[in-house]
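# Summary of structural features
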Amino acid sequence: MCGRIAVIASPEETAAFVGIGELESFPPRYNVAPTQPILVVMAGPQRPPGSNLPDRMAMLARWGLIPAWTKNPADMPLLFNARSESAIEKASFKTAMRHRRALIPVSGFYEWKKLPGNRRQPYWLRPRKGGLVALAGLMETWSEPGGSEIDTAAILTTGASADILHIHDRMPVVIQPEDFARWLDCRTQEPRDVAELMRPAQPDFFEQIPVSEMVNKVANVGPEIQDRVEPLPEAAPERAAKPKVEKRKSSDDGQMKLF
DNA sequence: CCAGACGTTGTT
DNA sequence: GTCTGG
DNA sequence: CCAGACGTTGTT
DNA sequence: GTCTGG
């Protein structure tokens, strides 16, 4: 799945990667969580033939898609992911899937591996070749009862590729640069035409870096949260190497008596 | 027809 | 346990 | 995704 | 808004 991302490339690098002329300046963000603004790239408005107008546009959207028909967002869970296998038919995603497919350029994402004993080992995953990666996304504009509009977005997920499975069974959908135009072209490409793009990334596309639990806290936003650490041991902690002394007096059964 | 849901992940 | 906030 | 809150009345 | 369930 994908519930935390990092966006640390420069605006210039990001603009070049997604085929946009220019982007407003923004700082590197090492720890971006749902509900926060993320950069979303979409196909631009239709152009007359030979026009110089850009064919792509970028915008900020709240990470957490709110379907257009939503009356009260509090009634919905936070839709920061959408399952690619079913998004075409789900009420919450189908219109966005048809009309508002998007790319979300990131430097990488974080994934948590569950270990025995409620422990979790976070990993930072970034493209092995370096640079940026484009995640498949959906955009939806929600109109508040008051009248103002909020742009929102979700990241599509698919099954994890083989090398990622030991961490988690889901991962974000990655769109390769040669497929950007087709993915974004909602005019001529029906959802079923781009379904084959929503597949697990090529194995070993991502480098997996175990990182400390610093990333857990959204308030930690510095580059040090991506420092490699020794991962927690896979096995449950060694049990009773030094057996604990029985704490209770033998005469006490340890049960609280209610009366 | 109207009422009510509309979601992901993970876990059992 | 469940919801909200980031 | 994870972390942290989760409440009322009344008074300043 | 659109689909499902009754």
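The rules we used
Residues numbered from 1 in each chain as written. Chains lettered and ligands numbered in written order. Predicted model: local features only at pLDDT ≥ 70, side-chain atom pairs only at ≥ 80, totals over all residues. Heavy atoms only, no water. Near = heavy atom within 4 Å. Polar contact = N/O pair within 3.5 Å; in protein donor to acceptor, adjacent residues only side chain to side chain. Nonpolar A, V, L, I, M, F, W, Y, C, P; charged D, E, K, R; others polar. Salt bridge = Lys/Arg side-chain N within 4 Å of Asp/Glu carboxyl O. Helix = DSSP H or I, 4+ residues; strand = E, 2+ residues; numbered from the N terminus. Buried < 20%, exposed > 50% of the residue type's maximum accessible area, 1.4 Å probe, protein only. Phe/Tyr/Trp six-rings, centres within 6.5 Å; stacked < 30°, edge-to-face > 60°. Lys NZ or Arg CZ within 6 Å of the ring centre and 35° of its normal. Contact = heavy atoms within 4.5 Å. Arc of directions from axis to C-beta.

As a structural note, the neighbourhood of DNA strand C is formed by Arg4, Ala33, Pro34, Thr35, Gln36, Leu78 and Val218. Taken together, the sugar and phosphate atoms account for 15% of what DNA strand C places within 4 Å of the protein. Separating a base nitrogen of DNA strand C from a backbone N or O atom of Pro34 is a distance of 3.4 Å. Interatomic distance of 2.6 Å between a side-chain N/O atom of Thr35 and a base nitrogen of DNA strand C. Broken down by class, the residue content of the surface near DNA strand C amounts to 4 nonpolar, 2 polar and 1 charged.

Around DNA strand D lies a shell formed by Met1, Gly3, Arg4, Pro34, Leu78, Phe80, Trp112, Arg120, Asn216 and Lys217. Those atoms of DNA strand D that come within 4 Å of the protein belong to sugar or phosphate at a rate of 74%. Taking Arg4, its side chain carries an N or O atom lying 3.0 Å from a base oxygen of DNA strand D. The separation between a phosphate oxygen of DNA strand D and a polar side-chain atom of Lys217 is 2.4 Å. Split by residue class, the surface near DNA strand D holds 5 nonpolar, 2 polar and 3 charged.

Close approach of charged atoms lets side chains of opposite charge pair. Under the counting rule described, the total for this entry stands at 8 salt bridges. Residue Glu207 pairs with Arg126 through a salt bridge whose shortest N-O separation is 3.1 Å. Of this pair, Glu207 sits in strand β13 (residues 206-210) while Arg126 sits in strand β8 (residues 119-127), placing them 81 residues apart in sequence. Residues Glu196 and Arg199 are paired through a salt bridge, measuring 3.5 Å at the closest nitrogen-oxygen approach. Owing to a relative accessible area of 45%, Glu196 belongs among the partly exposed residues under this scheme. One salt-bridge network, in which partners are shared between bridges, spans Arg83, Glu85 and Arg170.

Scanning all chains against the criterion turns up 5 aromatic pairs. Each ring, one from Trp63 and one from Phe80, has its centre 6.3 Å from the other, and the planes form 90°; the classification is edge-to-face. Pair noted here: Trp63 is in strand β4 (residues 56-63) and Phe80 is in the loop between β4 and β5 (81-83), with a separation of 17 residues, a long-range link. A relative accessible area of 0% places Trp63 in the buried class. Taking 5.1 Å as the distance between ring centres and 40° as the angle between the ring planes, the aromatic pair formed by Tyr110 and Trp124 counts as tilted. With Tyr110 in strand β7 (residues 108-115) and Trp124 in strand β8, this residue pair connects regions lying 14 residues apart in the sequence. When its relative accessible area of 1% is taken as the criterion, Trp124 is described as buried. An aromatic cluster is present here, built from Phe109, Phe205 and Phe206 joined pairwise through their rings. Note that Arg101 overlies the ring of Trp183, its terminal NZ or CZ placed 5.4 Å from the centroid.

Following the sequence through the fold, Ser84 ends up in the loop between β5 and α2 (94-99). Among the polar contacts made by the side chain of Ser84, one reaches the main-chain carbonyl oxygen of Thr157 at a distance of 2.7 Å. With near-sequence residues (within four places) excluded, Ser84 lies in contact with Leu156, Thr157, Thr158, Arg170, Val173 and Met198.

At 3.6 residues per turn, the α-helix brings residues three or four places apart onto the same side. Buried residues of helix α1 (residues 11-18): Pro11, Thr14, Ala15 and Val18, and no others. In an axial view of α1, the angular spread of the buried residues amounts to 100°, which keeps them on one side of the axis. Counted as exposed and oriented over 90 degrees from the buried face of α1: Glu12 and Ala16. Tucked into the core, α1 has its buried residues touching β3 (37-43), β4, β6 (101-106) and α3 (180-184).

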